[in-house]
Amino acid sequence: MTTQQNLTRIQLSINDEQRTVDVEPRWLLSDVLRHELGLTGTHVGCEQGVCGACTVLVNGQPQRSCLMFAVSAQGSEIRTIEAATPVEGLSPLQAAFEKHHALQCGFCTPAMVLTAEALLKMNPNPTEQEVRVALSGNICRCTGYQFIVDAVLEAAEAYRRVSSTTQREGQ
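Notes on the structure in this doc start here. (Residues numbered from 1 in each chain as written. Predicted model: local features only at pLDDT ≥ 70, side-chain atom pairs only at ≥ 80, totals over all residues. Heavy atoms only, no water.)

Quick look at empty space enclosed by the protein now. Applying the stated criterion to the full structure yields 1 cavity of 30 Å³ or more. Quantified by volume, the largest cavity comes out at close to 30 Å³. Lining of the largest cavity is provided by Gly41, Thr42, His43, Ala53, Thr55, Val56, Thr80, Ile81, Pro110, Ala111 and Leu114. Of all the elements in the fold, those that place two or more residues in the lining of the largest cavity are β3 (55-58) and α3 (109-122). Examining the composition of the lining of the largest cavity, we find that 3 residues originate from one element, α3, more than from any other. Classifying every residue of the lining of the largest cavity by side-chain character gives 6 nonpolar, 5 polar and no charged. (1 Å grid on protein atoms, 1.4 Å probe; cavity = no way out; pocket = protein on both sides within 12 Å on 5 of 7 lines; lining within 4 Å. Points joined across faces, edges and corners; volume = space filled by probe spheres on them. Helix = DSSP H or I, 4+ residues; strand = E, 2+ residues; numbered from the N terminus. Nonpolar A, V, L, I, M, F, W, Y, C, P; charged D, E, K, R; others polar.)

Contact pair helix α2 (residues 92-99) / helix α5 (residues 146-170): the axes reach a minimum separation of 8 Å and the direction vectors enclose 140°. When the axes of α2 and α5 are compared, the pair comes out oblique. Pair α2 / α5 crosses with right-handed handedness. Contacts between α2 and α5 pair Pro92, Leu93, Ala96, Phe97 and Lys99 from the former with Ile148, Ala151, Val152, Glu154, Ala155, Ala158 and Tyr159 from the latter. (Axes fitted to C-alpha atoms, helices over the stretch in contact; angles between N-to-C directions. Parallel < 35°, antiparallel > 145°, perpendicular 65-115°, else oblique. Left-handed = near helix turned anticlockwise from the far one by under 90°. Contact = heavy atoms within 4.5 Å.)

This part takes up the layout of surface pockets. Considered as a void within the structure, the largest pocket measures approximately 190 Å³ in volume. Lining the largest pocket we find Arg79, Ala84, Ser91, Glu117, Leu120, Lys121, Pro124, Ala156, Tyr159 and Arg160. For the lining of the largest pocket, the secondary-structure elements that each account for two or more residues are α3 and α5. When its residues are assigned to classes, the lining of the largest pocket shows 5 nonpolar, 1 polar and 4 charged.

So, on to the pairing of strand β1 (residues 8-14). In this structure, β1 lies alongside strand β2 (residues 17-23), joined through 7 bridges in antiparallel fashion. Its bridge partner being in β2, Ile10 is matched across the sheet by Val21. Between β1 and β2, which pair antiparallel and follow one another directly, the connecting turn spans 2 residues, one of which, Asn15, has a positive phi of 55°. For β1 and strand β5 (residues 77-79), the ladder comprises 2 bridges, and the chain directions are parallel. Counted as the bridge partner of Ser13 is Glu77 from β5. (Pairing = 2+ DSSP bridges.)

This part is about the pattern of salt bridges. Per the stated rule, a full pass over the model turns up 7 salt bridges. Of the charged contacts in the structure, one is a salt bridge between Asp22 and Arg9, with a shortest N-O distance of 2.8 Å. Taken as a pair, Asp22 in strand β2 and Arg9 in strand β1 lie far apart in primary sequence, 13 residues in all. Note that Arg161 is salt-bridged to Glu157, the shortest N-O span being 3.1 Å. A residue pair is termed a helical-turn pair when its members lie 3 or 4 positions apart in one helix, as Arg161 and Glu157 do in helix α5 at 4 residues. (Salt bridge = Lys/Arg side-chain N within 4 Å of Asp/Glu carboxyl O.)

This part is about the nonpolar core. Counting 24 residues, the largest nonpolar core has Leu93, Phe97, Met112, Ile148 and Val152 as its most contacted members. Of all the elements in the fold, those that place two or more residues in this core are α2, α3 and α5. Considering each element in turn, this core owes the most residues, 7 residues, to α3. Counting 17 residues, the second largest nonpolar core, distinct from the first, contains Val23, Trp27, Val56 and Met68. (Core = buried A, V, L, I, M, F, W, Y, C linked by side-chain atoms within 4.5 Å. Buried < 20%, exposed > 50% of the residue type's maximum accessible area, 1.4 Å probe, protein only.)

Below is the structure:
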């Protein structure tokens, strides 16, 4: 039973927005995101950190939100799938997922997209093996992984083209 005395007020930076939420110290970040803040794009699968479905970005790094207490996230920058889509439409990564049929039921897709996004920020020119290693903590039970890997590699190429064009225009 939750009482007001059991709650701790925390400040979270989620998707570039400051949020204040009262939580029990034992509540998981995944539960707070979904049930307290309505960010249901974060899925919960195994609840043991094995499937990767609950992955969010914490300070730019993929993190299993089902293994992290919400109070531990205080002061961190958290990015969920809700912030991955630009206002004007799909991101190049999302568009590549769509083009390559890299999703089927979609349960793992938010975590796959966020994990791939983190990879491409750290390594804009990954090899197929590097993509496979980065995604190895995310389980997809529907599509297999080749379409997902193809999508990430195509998105990497798209991001490099945009970066190259932007650099040429800046000269």
